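Residues per chain are reported as follows:
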Amino acid sequence: MKQQPTDWIWASDWSLADDQVPKLVYFRKQFSLSSIKKGEFAISADSRYKLYLNGHLIEVGPSKGDDKVWFLDTIDVTDHLLEGRNTIGVIVLRYPTDPDKGNYSSFRTQAPGLCFSGWVEEKEQKTVIRADESWLSLIDDSFEIVPESADFAPLKIYEKVTGNPKLYQWLRTDYEPVGWSRAKKVSFSRAVSPGNLLDRTIPFMYRKKRHFDAVMTVRESIFTKPTWENFLLHQQKIEIPAHCHEIVEISAGTEMTGYLNLNLAQGQGAKISLLQSEAYVQNDSLVKKDRTDFKNGHLEGFTDSYQVGGFGSVAVPENYSPFWFRTFRFIRLEIETADQPITLVNFDYTETGYPLEVKTKITCSDPSLMAIWNLSERTLRRCMHETYEDCPFYEQLQYVMDSRAQILYSYAAAADDRLARKCIDDFARSQRYDGLLNAAYPSYNPNIIPGFSIYYILMVYDHMMYFGDRKLVEQYLPTIQAILNFFERHLAPEGYVDKIGGINGQDRYWSFIDWTPEWQATWGVPETTLKGAITMESLLYIYGLQTAAKLADFLELLDLAATYRKQAQKVQTAILTHCLGENGLIQDGPKVASYSQHVQVFAALTNTVKAEQARHNLLSTLRDKNNYAQCSVAMAFYLFRALEKTDLYEWADSYWDVWRKMLVRHCTTSVEAEVGERSECHAWGALALYELPTVILGVRPVEPGFAKIKIAPQSHHLEWAKGTVITPRGPLEISWEKTAKGLAISYQGLADCIITCK
């Protein structure tokens, strides 16, 4: 680990009132160089920073941590240094400590600060730059955060801003910092965060300059659609007269995450709103149908508002760029001018996200699966930044259940475990006194879904199978043991998991399972929660025990493995004794004649019922969908695994219709659930990234670290498939096709492959 800087500063005129609301604080430092060999900056902040050097945005950070781990970003800035005068600019978004007044995933401290140290190696000397009183600071009183909802607002990133002349061209070397104050030194304990800084563990997010794709419609304007399109392509500027109202809706083409950038000239007092939306909602039914139907629909979303200062010119425009990246497919740009005309110089954005390099490439005889693959890849990318995210539009929170699937998709598509390792460590640090993990983490707020902790065990197991990292399994085994101990302590006298949660907001914990229509009234929890325990939590406990036993085997802890398997068998016996219906299906709750597909899926995956009975039970839910709550997008991964296990995978094609319907309705990313379709981008729906390489081409590890590889394609409705599957050991080229003699398979690239035809 590198020597960490101890230099922290903050605004000297910071007040108690400033500490109660989100604030932007600007910092500026100038220095001179006679020559340049190499330069490096190290930076962190509470809560978020943007670092600029000589007018260029260098990086955004710090990498998300918590009150135990605070990250330092070390950046090579050589290419942005100049001989002569150089200007460093830093914007810090500071959230108050009140959990309800800031972004849920951003931790903060009682005392804010900017940490900075840097050096530049010159020909004959080394220039050192530290965070000290030579820096200037400015608190932006023209900035305000507006919660996106009165009920549930985990983001707190949307802005209400008035153009501030004090900040006009503040990054230029010749800028005069009128009204700025000297920064003051602050300090933190070296023993705890954020004084105890750790090196960043993941790559920086990529940034790519983009134009908007098209104008969807002009709702109100004195200009034509072609004029607006030319403006978006930077082919012309638009001058809007005084006392004019313009509304135009534009498209990025697909769901995007990026930094918006609007440049303006004159227009003092003009009001601009930027509504960001994922889809058009149909006016007649208030539901989403065709996501691009602007004729019969309207945009719903979140809005940034900006009142123009009027101090910009065409040559040196006034700029508005919201601090945080935005999620959007469509933008409604609304402008209302005051007494002065305004010139729109340009409007574009910078795409950003985790630099995932997808190396797996697949084609097959079903073109719809190729379209679903593209939709899935885009979905995963939009839900990966400094953490995995449930959805980039509504929450940007890293949930355990979601992340387990997203990590597998990352492995199958890119063999990249950098963000996964961070995720595994993040959740380990969230562990409570009772053994449960926070359902979402990093999170400044408590959020407990007991069953989600089991998915963490599966997450560690997946890493073992793909990468075979013994030290990682050893490090997090105590976390896993504490999770399982919680469930053991909450067994009913009958031997199954007792009622440990229920409906969100009504019970101690939320026992969320899936957003299936039948469980809408009980917030994604089987309705049997109203009568007592739910069987799914017992099955999840069994799944966790069985998986932990395999991890113990890997570490050669054979007694521990045997203990976990014995405990799993005891709970299985309790389920068969108290949750088995007369029809042979497993009930949603003990002695309650209610049945769902979910319970049959997990009963099959855990071998709680014998193979033939498991097949019969699952088949009952496939043939009679109206009488059994079905697995939605969230649970499709586990449904597909059960279809494989029970030799019913031919049914998978009919379940792909959920995604085919998305394509028909012009979705560009996977929806969260079929019910409500709140989020247009939820990465647990990026299922194709796993399914096509792992099941259709059939490539998967059978020993930890991909030491041995099984090739067992599931062909069914397909005639052929081929591609390159990336593994931690390298790429594997594989193809198969149906012939009169059966399935003809060929592969090259890796050894130790076992071929099994299906």
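Our structure is the block above this text.
Residues numbered from 1 in each chain as written. Predicted model: local features only at pLDDT ≥ 70, side-chain atom pairs only at ≥ 80, totals over all residues. Heavy atoms only, no water.

A. Representation of helix H9 (residues 597-605) within the structure. With nine of its nine residues buried, H9 lies for the most part within the structure. Taken together, the buried positions of H9 are occupied by Gln597, His598, Val599, Gln600, Val601, Phe602, Ala603, Ala604 and Leu605. Backbone geometry just after H9 places Asn607 at a positive phi near 60°. (Buried < 20%, exposed > 50% of the residue type's maximum accessible area, 1.4 Å probe, protein only. Helix = DSSP H or I, 4+ residues; strand = E, 2+ residues; numbered from the N terminus.)

B. The arrangement of the nonpolar core in detail. Tyr409, Tyr455, Tyr456, Phe602 and Tyr638 are the most contacted members of the largest nonpolar core, which totals 161 residues. The contact partners of Tyr456, leaving out residues within four places of it in the chain, are Val400, Ile424, Phe427, Ala428, Leu437, Tyr476, Thr479, Ile480 and Ile483. Core analysis: the next-biggest nonpolar cluster, separate from the first, contains 55 residues, Val60, Val161, Val248 and Trp324 among them. (Core = buried A, V, L, I, M, F, W, Y, C linked by side-chain atoms within 4.5 Å. Contact = heavy atoms within 4.5 Å.)

C. Just the sheet that holds strand E26 (residues 709-711), in detail. Strand order in the open sheet formed by three strands is E25-E26-E30, with mixed pairing between adjacent strands. Each having just a single partner strand, strand E25 (699-701) and strand E30 (753-755) make up the two edges of the open sheet. With strand direction ignored, the average angle separating the axes of adjacent strands in the sheet is 30°. With three bridges joining them, E26 and E30 adopt parallel strand pairing. Residue pairing across strands places Ile711 opposite Ile755, the latter belonging to E30. (Pairing = 2+ DSSP bridges. Axes fitted to C-alpha atoms, helices over the stretch in contact; angles between N-to-C directions.)

D. Geometry of the packing of helix H4 (residues 418-429) against helix H5 (residues 452-467). Between H4 and H5, the shortest axis-to-axis distance is 11 Å and the interhelical angle comes to 150°. The chirality of how H4 crosses H5 is left-handed. Contacts from Arg421, Cys423, Ile424, Phe427 and Ala428 in H4 reach Tyr456, Met459, Val460 and His463 in H5. Here the residues of the contact of H4 with H5 are counted per class, giving seven nonpolar, one polar and one charged. (Left-handed = near helix turned anticlockwise from the far one by under 90°. Nonpolar A, V, L, I, M, F, W, Y, C, P; charged D, E, K, R; others polar.)

E. Quick peek at helix H3 (residues 400-414). In this model, H3 (15 residues) spans 20 Å end to end at C-alpha, consistent with the 21 Å of a helix rising 1.5 Å per residue. Summarising burial for H3: 15 of the 15 residues are buried, a large majority. With its phi angle positive at about 55°, Ala415 sits one or two positions after the end of H3. (Expected span 1.5 Å × (residues − 1).)

F. Inspection of unusual backbone geometry at higher detail. Here the amide bond leading from Asp46 into Ser47 is cis, since omega sits at 15°, within 30 degrees of zero. With respect to the helices and strands, Ser47 occurs in the loop between strand E3 (38-46) and strand E4 (48-53). Omega for the peptide link from Gly61 to Pro62 comes to -5°, which places this bond in the cis form. With respect to the secondary-structure elements, Pro62 resides in the loop between strand E5 (56-61) and strand E6 (70-76). The phi dihedral of Asn607 is positive, around 60°, even though this residue is not glycine.

G. Expanded view of the pairing of strand E7 (residues 84-94). Along E7, nine of the eleven residues are buried, which leaves the element largely enclosed by surrounding structure. Summarising the sheet, strand E2 (residues 23-33) and E7 pair through eleven bridges and their orientation is antiparallel. Pairing of Phe31 across the sheet is with Asn86, part of E7. The pairing of E4 with E7 spans six bridges and is antiparallel. Its bridge partner lying in E7, Tyr52 is registered against Gly89.

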